[in-house]
Amino acid sequence: MAVHSGRTGVVYLAIESSTGVATNCLSLNAWSIDRATDKYETTAFGDTNKTYVQGLPDVKGTISGFWNDAETKPFGGAASSTGVKLYLYPDSTAPTKYAYGTAWLDASIETPVSGPVTITGNFAAAGTWYFGL
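Calculation notes
- Residues numbered from 1 in each chain as written.
- Predicted model: local features only at pLDDT ≥ 70, side-chain atom pairs only at ≥ 80, totals over all residues.
- Heavy atoms only, no water.
- Core = buried A, V, L, I, M, F, W, Y, C linked by side-chain atoms within 4.5 Å.
- Buried < 20%, exposed > 50% of the residue type's maximum accessible area, 1.4 Å probe, protein only.
- Helix = DSSP H or I, 4+ residues; strand = E, 2+ residues; numbered from the N terminus.
- Contact = heavy atoms within 4.5 Å.
- Pairing = 2+ DSSP bridges.
- Phe/Tyr/Trp six-rings, centres within 6.5 Å; stacked < 30°, edge-to-face > 60°.
- Lys NZ or Arg CZ within 6 Å of the ring centre and 35° of its normal.
- Salt bridge = Lys/Arg side-chain N within 4 Å of Asp/Glu carboxyl O.

Asks: Is there a simple way to explain the nonpolar core in this structure?
Replies: Considering soluble globular proteins, one finds that nonpolar side chains tend to be buried as a cluster. Ranked by internal contacts, the top residues of the largest apolar core, which has 15 residues, are Val 11, Ile 63, Leu 86, Leu 88, Phe 123 and Trp 129. Elements supplying a minimum of two residues to this core: β1 (10-15), β7 (84-89), β8 (99-110) and β9 (118-131). Those residues in contact with Leu 86, other than ones at most four positions away along the chain, are Val 11, Tyr 12, Leu 13, Ala 99, Tyr 100, Gly 101, Ala 103, Phe 123 and Trp 129.

Asks: How should unusual backbone geometry be read in this particular structure?
Replies: It is generally the case that most residues other than glycine have a negative phi and that most peptide bonds are trans. A positive phi angle, close to 65°, is found at Ser 27, a residue other than glycine. Of the residues examined, Ser 27 reaches a relative accessible area of 31% and is grouped as partly exposed.

Asks: Explain the sheet that holds strand β2 (residues 23-24) to me, please; I cannot follow it from the model alone.
Replies: Across a sheet, paired strands are connected by hydrogen bonds in the backbone, their directions being either parallel or antiparallel. Read across the open sheet, the seven strands follow the order β2-β1-β7-β8-β9-β6-β3; overall the sheet is antiparallel. On the outer flanks of this sheet lie β2 and β3 (28-34), each paired with one strand and no other.

Asks: Whenever I open this one, the packing of aromatic side chains confuses me. Can you help?
Replies: How two aromatic rings sit relative to each other is set out by the distance from centre to centre and by the angle between their planes. According to the stated counting rule, one finds seven aromatic pairs in the structure shown. A network of ring pairs unites the aromatic residues Tyr 12, Tyr 87, Tyr 89, Tyr 98, Tyr 100 and Tyr 130 as a single cluster. Sitting over the face of the ring of Phe 131, Arg 35 holds its NZ or CZ atom 3.6 Å from the ring centroid.

Asks: Could you clarify how one ought to interpret the pairing of β7 in this entry?
Replies: Across a regular strand the side chains alternate sides, sitting on one face of the sheet and then on the other. The element β7 is largely enclosed, with a buried count of five among its six residues. Pairing of β1 with β7 involves six bridges; the strand directions are antiparallel. Opposite Tyr 12, over in β7, you have Tyr 87 as the bridge partner.

Asks: What is the right way to look at the pattern of salt bridges in this model?
Replies: When charged atoms on two side chains of opposite charge get close, those side chains can pair. The full count for this structure, using the stated rule, is two salt bridges. Among the salt bridges present, the one from Asp 58 reaches Lys 60, with a minimum N-O distance of 3.5 Å. Here Glu 71 and Lys 73 are joined by a salt bridge, their closest N and O atoms 3.0 Å apart. The exposure classification of Glu 71 matches that of Lys 73, with both residues buried.

Structure, rendered in structure tokens:
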């Protein structure tokens, strides 16, 4: 087992309604994914501590990087009524290790006077996700 650098991570994105294949999203430099599950309290009289049962996993995350005027997928995806296809690779040199699914995407842009223009996207699952991480 090896430890990997995030410098070769990659995000592939396509608008779900398009017939195109998901392609590398230009100028992104970070992504995250959260697979938290709901927990429902089941504590009963006489228990010595709280107890829980686990519910379904949630899939949410972020993508972020620098605004590139040649890249339209993040804001096009945020405007899409059909969602986006996302492929998230922690390291492109390990091509069998990735997460994939359809998602609803929100996108924002920040333009500071003292730095580069950045974009951020928040996503949530729109269907079943595959995890080969």
